[in-house]
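# Observations on chain architecture
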Amino acid sequence: MSTIIKLKNINKTYYNGAPLHVLKGIDLEINRGELVSIMGASGSGKSTLLNILGILDNYDTGEYHLNNELIKNLSETQAAHFRNKLIGFIFQSFNLISFKNAMENVALPLYYQKVSRKARNKIALEYLDKLGLKEWAHHMPNELSGGQKQRVAIARALISKPQIILADEPTGALDSKTSAEVLEVLKKVNATGMTMIIVTHESGVANMTNKIIRLKDGIIEKIEDNSEHNISAFGIQNIK
Amino acid sequence: MFDLDRWNEIFITISRNKVRSILTAFGVFWGIFMLVALLGGGNGLERSISKNFSELATNSCFLWSGRTSEAYKGFRKGRRWQINTHDIDVIKATVKGLDEISSMLMPWSAATDNVVRGEKKGTFSAQGNYANYDKIDKSTMMFGRYLNDMDIQEHRKVCMIGSRVYEVLFNRGEDPIGKDIRVDGVYYKVIGVGEGGDNMSFNGDKREMIIIPFTTMQKLYNVGDRVDAFFAMAKSGVAVSEVQEQIETILKTNHSIAPNDKQAINSFNLEEIFKQIGYLFLGVNVLAWIVGFGTLFAGIIGVSNIMMVTVRERTQEIGIRRALGAKPSTIMTQIMSESFTITAIAGFLGISFGVLVLQMFDLAISDDGGATSVFQISFFTAIAAALIIIILGTLAGLGPAFRAMKIKPIEALSEE
């Protein structure tokens, strides 16, 4: 399996008041198609790591290679380009745009790729269909349940055919039943060969991933191989 | 390039906060309306006043004798003196830059009903003019013609009457040409009727005037070589003040008036008056631009302020867009487009409303119910106003757009 993410001695310090060294020499490799979870207590640096992986934040020292590209000292425009082409985001609070309907929300990444309105709406409908939301395509976010919103967010993350999906507490705002449904969807997505990194503090969610990275005080405390347990936990069916 | 999605979003953003958008736009609307209304109003006043002078040659001056204010060469102060035909001949012969000179007689009459035609009569003033007076104070003719050189040379007993005189002495629509009227006891043939109107004129209202050849009046009124007043017109490119100065020197020399006597000669320099009117309306225009532009600028500040608030409110949305791949320039364009749209819609409505109000005012003041376009802005002023809107609308969005562009997705998303 080829490496899609390679972190070498990544350091990050925040200087809001007293310097806070959040990530301390992170070394990490994630292979293409892996389903990885990052766990850790609050303040362990897991969100910072996810932000760096998503090119939402810069690191101070070290090297970050994504899809064999060195991600360092990028301009905001270059960062936007990489995010649009290579990364799909799923957030805890869904982050759908309130005045756009489900289809328009899903189609948004393609708008920034200058895909025509007709073409991107067609593709968005296809993705909503795959996630069982075709009949909800013209509904506004406030008309959708939490699970539906997160499935819309997943469709939006997938529509630009990214190399990796980064999910920040994707089930954090959902009840247990809906969480299970959303995780099922994420597993199906991963089964298509999509690399997926989930930040979570829920061990139940982490246990469903192939690899668990445990962070503590900005250092990788442990990387657990969870593949066997994970496979037995799900009856995986490929997403169409 | 036309981007339907962008315009759709602009419409949604503006209509999400209807009251706020309308109030913000109203500032711009009112500002541009004020600018258009003030400029149109200023133009209207200027054109109305200019119209009153429209029949007068602006490169001319009008002079008449007064009382001396200085004792000179044995003559006492306060002496009355009189311009005469000899003065006019000297002026004609010696003044450089003089184009035309036209002497006038304006006899005073206390008689009532001094003008008679059959049973019809009225009280009007008679004035003795030369034919060239029409070059200086142009008459618009309703019937016939103005005096000509033959009338002057042959001392003809003819007259040109004003429209009000015609109304009193003739039936409506009646041809007055060749008909006799009696003025101060002497019969004259009517050769023309002048319109007169509201325009400025000397020695009374032209509509109530009877113009007789200067030479005829000289004889019949027995005024000798007296000249009551005269008009002098400067040649093209010569300042009226230069001509006037030479004339005054001649008159002062001929009549033993002190060179420094400022009151002995009364004058009215149309060129100077026009200049002053020009300065006055330049001032009015500058004031209109300052007040109008100031009001508009306040409106634009309002737009900019609201856009700042909008950007603050939409920080998270901007963060989401940035996370999904929106470039900073895309966000900037979006915010600037919104600001520009509010300003442009409000601005163009303001211009249209301003033009409409001016047009209605124009219709209201016109005599025949047709628009006169006196109280109106020019096409170029409208273009300038539109350009100002475009520039200010863009500037109004610049600050908020830069602020939006600087929003980092990580910071915006952490605002959940």
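The shown structure was predicted, so the numbers you read here are calculated from the model rather than taken from an experiment.

## Considerations on the overall build of chain A
- Secondary structure assignment for chain A yields 8 helices and 10 strands.
- Considering chain A as a whole, with its 240 residues, one finds that 49% of them fall into the buried category.
- Taking as baseline every contact in chain A between residues at least 6 positions apart, the subset at least 24 positions apart corresponds to 69%.

## Re the overall build of chain B
- Looking only at helices and strands, chain B has 13 helices and 14 strands in total.
- In chain B, buried positions account for 39% of the 416 residues.
- If you take every contact in chain B between residues at least 6 apart in sequence, the share linking residues at least 24 apart comes to 82%.

## What about the interface of chain B and chain A?
- Opposite the 18 residues of chain B that make contact, chain A presents 18 residues.
- At the level of secondary structure, the elements contributing two or more residues to the side of chain B that touches chain A comprise α1 (4–16), α10 (315–323), α11 (328–365) and α13 (409–413) of chain B.
- Broken down by class, the residue content of the side of chain B that touches chain A amounts to 10 nonpolar, 2 polar and 6 charged.

## Notes on the sheet that holds strand β1 (residues 3–14) of chain A
- As summarised here, the arrangement of the 4 strands in space is β2-β1-β4-β5 (chain A), forming an open sheet in which the pairing is antiparallel. Two strands close off the open sheet at either side, each with one partner strand: β2 (20–31) and β5 (69–70) of chain A.

## Overview of the sheet that holds strand β7 (residues 164–168) of chain A
Residues and elements named next belong to chain A.
- Here we have 6 strands laid out as an open sheet, ordered β6-β7-β8-β3-β9-β10, and mixed in their pairing. Only two strands of the sheet have a single neighbouring strand rather than two, namely β6 (87–90) and β10 (219–225). Strand-to-strand twist across the sheet, computed as the mean angle between neighbouring axes with direction ignored, equals 20°.
- The pairing of β6 with β7 spans 4 bridges and is classified as parallel. Its bridge partner being in β7, Ile-90 is matched across the sheet by Ala-167.

## Brief notes about the pairing of strand β11 (residues 209–213) of chain B
Residue and element names in this part refer to chain B.
- For β11, the buried fraction is high: 5 of the 5 residues fall into the buried class.
- Where strand β6 (residues 125–129) and β11 come together, 5 bridges link them in parallel fashion. Among the inter-strand pairings, Asn-129 is bridged to a residue of β11, identified as Pro-213.
- Bridge count for strand β8 (residues 158–162) against β11 is 2 bridges, and the pairing is antiparallel. Within β11, the residue paired with Met-160 across the bridge is Ile-211.

## Comments concerning helix α2 (residues 76–86) of chain A
- All buried positions along α2 of chain A are accounted for by Ala-79, Ala-80, Arg-83, Asn-84 and Leu-86 of chain A.
- Residues of α2 of chain A that are buried in the fold lie against β4 (61–66), β6, α3 (102–111) and β7 of chain A together with α10 of chain B.

## Concerning unusual backbone geometry
- One non-glycine residue, Ile-55 of chain A, lies in the positive phi region at around 55°.
- Residue Asp-113 of chain B is not a glycine yet carries a positive backbone phi of 50°.
- Position of Asp-113 of chain B relative to the elements: it lies in the loop between β3 (98–105) and β4 (115–117).
- Look at Asp-113 of chain B and you get exposed, because 10 C-beta atoms sit within 10 Å.

## Points about the nonpolar core
- By size, the foremost hydrophobic cluster in this structure holds 119 residues, and its most contacted members are Val-106, Leu-128 and Ile-197 of chain A together with Ile-32 of chain B.
- When residues of this core are assigned to their parent elements, the largest contribution, 11 residues, is made by helix α2 (residues 18–52) of chain B.
- The contact partners of Val-106 of chain A, leaving out residues within four places of it in the chain, are Ala-124, Tyr-127, Leu-128, Val-152, Ala-155, Arg-156 and Ile-159 of chain A.

## Considering the packing of helix α9 (residues 270–313) of chain B against helix α12 (residues 379–405) of chain B
Residues and elements named next belong to chain B.
- Two elements in contact, α9 and α12, have axes whose closest approach is 9 Å; the angle formed by their N-to-C orientations is 25°. What the angle tells us is that α9 and α12 run roughly parallel. For the crossing formed where α9 meets α12, the hand is right-handed. Contacts between α9 and α12 involve Leu-296, Ile-300, Val-303, Ser-304, Met-307, Met-308 and Val-311 from the former and Ile-388, Leu-392, Ala-396, Gly-397, Gly-399, Pro-400, Arg-403 and Ala-404 from the latter.

## Details of the packing of helix α5 (residues 146–158) of chain A against helix α6 (residues 176–191) of chain A
Residue and element names in this part refer to chain A.
- In the contact formed by α5 and α6, the axes pass within 9 Å of each other and the chain directions differ by 15°. The orientation of α5 relative to α6 falls into the category roughly parallel. α6 is crossed by α5, and the crossing has right-handed handedness. Along the contact surface, α5 presents Gly-146, Gly-147, Gln-150, Arg-151, Ile-154 and Leu-158, while α6 presents Thr-178, Glu-181, Val-182, Val-185 and Val-189.
- A breakdown of the residues in the contact of α5 with α6 according to their chemical character gives 5 nonpolar, 4 polar and 2 charged.

## Some thoughts on the confidence of the model for chain A
- Chain-level statistics for chain A give a pLDDT mean of 88 and a share of 94% at 70 or above.
- Below a pLDDT of 50 lies the segment residues 231–240 of chain A, which in the model reaches 16 contacts outside its immediate sequence neighbourhood of four places, other chains included.

## Side note on the environment of Val-303 of chain B
Residues and elements named next belong to chain B.
- You can see Val-303 is positioned in helix α9.
- The exposure class assigned to Val-303 is buried, which follows from the 26 C-beta atoms found within 10 Å.
- The sequence separation of Val-303 and Gly-27 amounts to 276 residues, and the corresponding C-alpha distance is 8.0 Å.
- Look past the residues within four positions of Val-303 in its chain and what remains in contact with it is Thr-24, Val-28, Ser-339, Ile-342, Thr-343 and Ala-396.

## Details of the pairing of β1 of chain A
All names here are of chain A.
- Where β1 meets β2, 9 bridges bridge the pair, whose relative direction is antiparallel. Within β2, the position partnered with Tyr-14 by the bridge is Leu-20.
- Between β1 and β2, which pair antiparallel and follow one another directly, the connecting turn spans 5 residues, one of which, Gly-17, has a positive phi of 85°.
- As judged from the 5 bridges shared by β1 and β4, these two strands associate in the antiparallel manner. Bridge pairing links Lys-6 to His-65 in β4.

## Details of the confidence of the model for chain B
- Of all residues in chain B, 95% attain a pLDDT of 70 or more, and the chain-wide mean is 88.
- Interface predicted TM-score (ipTM) for the complex: 0.87; the corresponding pTM is 0.70.

So, how was this worked out
Residues numbered from 1 in each chain as written. Chains lettered and ligands numbered in written order. Predicted model: local features only at pLDDT ≥ 70, side-chain atom pairs only at ≥ 80, totals over all residues. Helix = DSSP H or I, 4+ residues; strand = E, 2+ residues; numbered from the N terminus. Buried ≥ 20, exposed ≤ 12 C-beta atoms within 10 Å, placed from the backbone. Contact = placed C-beta atoms within 7 Å. Nonpolar A, V, L, I, M, F, W, Y, C, P; charged D, E, K, R; others polar. Pairing = 2+ DSSP bridges. Axes fitted to C-alpha atoms, helices over the stretch in contact; angles between N-to-C directions. Core = buried A, V, L, I, M, F, W, Y, C linked by C-beta atoms within 7 Å. Parallel < 35°, antiparallel > 145°, perpendicular 65-115°, else oblique. Left-handed = near helix turned anticlockwise from the far one by under 90°. pLDDT = per-residue confidence, 0-100.

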